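One-letter residues, chain by chain:
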Amino acid sequence: AKASGKTSVVAHVTKGMKGIIHLKSSASTTKEQLLSELSHTLYSPTAIIGSYYSALSDSEYYLGRPPVILIEIDRKGHEIKEDGTLSAVQSLTKDLSPSSNVVIVLSDTNSVLLFGNDVHRETFIWVEDFTSEQAIQYVRKLFLNTTEEQAANIISKIGTRPGTIYDLYEYTLNGQEIG
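Presented here is a report on the structure given in the accompanying data block.

Let us now look at the packing of helix 5 (residues 132-142) against helix 7 (residues 162-173). Packing of helix 5 against helix 7 leaves a shortest axis separation of 11 Å and a crossing angle of 20°. In terms of their interaxial angle, helix 5 and helix 7 are classed as roughly parallel. The hand of the helix 5/helix 7 crossing is right-handed. Across the interface between the two elements, Ala135, Tyr138, Val139 and Leu142 of helix 5 pack against Pro162, Ile165, Tyr166 and Tyr169 of helix 7. Here the residues of the contact of helix 5 with helix 7 are counted per class, giving 8 nonpolar, no polar and no charged.

Below is the structure:
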């Protein structure tokens, strides 16, 4: 769902979790750039693209589960083409699948149409707006000591989009007052 706050929700849910590697991609990112970012994350900023399989396998051993690699594709106003970034991400995902779980977050809903050719390895998760009840629960979880009535008042003003609710939470964390 376009502008539903997928990136904000993913960042919030995975914050501080061990074994989660975030890779960011734009509409022009190549596989080599993604591998370089992965290698630098696993090793160091000066690492050469190397045997990331062993590092991922070590992570699985220490975590007791495969690491999760989140690849966010932000189109930033450019069309995501099947023969460009998408092809690079799909190729990298296939390479990483034996040693990790890969989650691809698309900023453009239409890009999902370029997937779906591998039903055995691809699963779509659609992020929709919360129901009113879910939004009230989420507001009360983020804003401790908030009554149900106060939470309902907040969502009546900003809606039930998870990312918008979380953005409001971050805004207030930074000392901003809500008018």
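The phi angle at Asn145 is positive, at roughly 65°, despite the residue not being glycine. Structurally, the position occupied by Asn145 is in the loop between helix 5 and helix 6 (148-158). When its relative accessible area of 79% is taken as the criterion, Asn145 is described as exposed.

In this section: the packing of aromatic side chains. A ring pair, where both rings are aromatic, is described by two values, the distance of the centres and the angle of the planes. Counted according to the given criterion, the structure contains 3 aromatic pairs. Between Phe130 and Tyr138, the ring centres sit 5.2 Å apart and the planes meet at 65°, which makes this aromatic pair edge-to-face. Here the aromatic cluster, defined as three or more aromatic residues joined through ring pairs, consists of Phe143, Tyr166 and Tyr169.

Time to look at the side chain of Thr93. Locating Thr93 in the fold gives a position in helix 4 (residues 85-96). Setting aside residues up to four positions removed in sequence, Thr93 forms contacts with Ile71, Val102 and Ile104.

Attention now goes to the pattern of salt bridges. Scanning the entire structure with this criterion turns up 2 salt bridges. Its salt-bridge partner being Lys31, residue Asp95 comes within 2.5 Å of it at the nearest N-O pair. Placement of Asp95 in helix 4 and of Lys31 in helix 2 (residues 31-42) is noted, with a sequence separation of 64 residues between them. Here Asp129 and Arg161 are joined by a salt bridge, their closest N and O atoms 3.6 Å apart. On the criterion of sequence distance, the pair formed by Asp129 in the loop between strand 3 (101-106) and helix 5 and Arg161 in the loop between helix 6 and helix 7 is long-range, its members being 32 residues apart. Under the relative-accessibility criterion, Arg161 is labelled partly exposed at 31%.

Two numbers describe how helix 6 lies on helix 7: the axes approach to 11 Å, and their chain directions differ by 115°. Between helix 6 and helix 7, the angle is such that the two are roughly perpendicular. Helix-helix and strand crossings are classified by hand; for helix 6 and helix 7 the assignment is right-handed. When helix 6 is examined against helix 7, the residues Ile154, Ile155 and Ile158 are found in contact with a partner set consisting of Thr164, Ile165 and Leu168.

Parameters and conventions
Residues numbered from 1 in each chain as written. Predicted model: local features only at pLDDT ≥ 70, side-chain atom pairs only at ≥ 80, totals over all residues. Heavy atoms only, no water. Axes fitted to C-alpha atoms, helices over the stretch in contact; angles between N-to-C directions. Helix = DSSP H or I, 4+ residues; strand = E, 2+ residues; numbered from the N terminus. Parallel < 35°, antiparallel > 145°, perpendicular 65-115°, else oblique. Left-handed = near helix turned anticlockwise from the far one by under 90°. Contact = heavy atoms within 4.5 Å. Nonpolar A, V, L, I, M, F, W, Y, C, P; charged D, E, K, R; others polar. Buried < 20%, exposed > 50% of the residue type's maximum accessible area, 1.4 Å probe, protein only. Phe/Tyr/Trp six-rings, centres within 6.5 Å; stacked < 30°, edge-to-face > 60°. Salt bridge = Lys/Arg side-chain N within 4 Å of Asp/Glu carboxyl O.

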